[in-house]
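Structural description and commentary
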Amino acid sequence: MASEIHISSFIVHAAPDAMSDLTARLRALDCEIVPALGNASRLIVLVERASDRAVADMLDAINALPGVYSALPVYHHAEPAAALAEPMP
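Notes on the structure follow. These numbers were taken from a predicted model, which means no experiment stands behind them. (Residues numbered from 1 in each chain as written. Predicted model: local features only at pLDDT ≥ 70, side-chain atom pairs only at ≥ 80, totals over all residues. Heavy atoms only, no water.)

1. Re the environment of Gly67
Stated precisely, the cut-off is as follows: Numbering of helices and strands runs from the N terminus; a helix is a DSSP stretch of H or I covering at least four residues, while a strand is a stretch of E covering at least two. For every residue, the accessible area obtained with a 1.4 Å probe (protein chains only) is divided by the maximum for its type, and the residue is called buried under 20%, exposed over 50%, and partly exposed between those limits. Whether two residues touch is decided by their heavy atoms; if any such pair falls within 4.5 Å, the residues are in contact.
Note on placement: Gly67 falls in the loop between helix 2 (52-63) and strand 4 (68-80). Assessed through its relative accessible area of 28%, Gly67 is described here as partly exposed. Residues Gly67 and Met19 lie 48 residues apart in sequence; the distance between their C-alpha atoms is 7.9 Å. Not counting residues within four places of it along the chain, the set of residues in contact with Gly67 comprises Ala14, Ala15 and Ala18.

2. A few points about the pairing of strand 1 (residues 4-14)
Quick reminder of the rule: The criterion for strand pairing is that DSSP finds at least two bridges linking the strands in question.
As paired strands, strand 1 and strand 4 are joined by 11 bridges and run antiparallel to one another. Bridge pairing in strand 4 places Ile5 opposite Glu79. Where strand 1 and strand 3 (residues 42-49) come together, eight bridges link them in antiparallel fashion. Looking across to strand 3, one finds that Phe10 is bridged to Val45.

Printed below as a string of structure tokens:
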């Protein structure tokens, strides 16, 4: 089976006073974070994983972090890892 890359994003809603600790924990989980403008209690979290199961496990892990009210999937895309090395037309 060919290696795949799964790219996903989540909206994470958390307690405002937990955001500093939460961002550190998310970075430790190898997540990229984009702060949502105008809202101190929401983040956009981007992840790249090798399978859809790994993405689902990451969503569960984020939901289990202290201070997180909810983490909801927004986007998911998968393609062969070799395709990412191909030049864009």
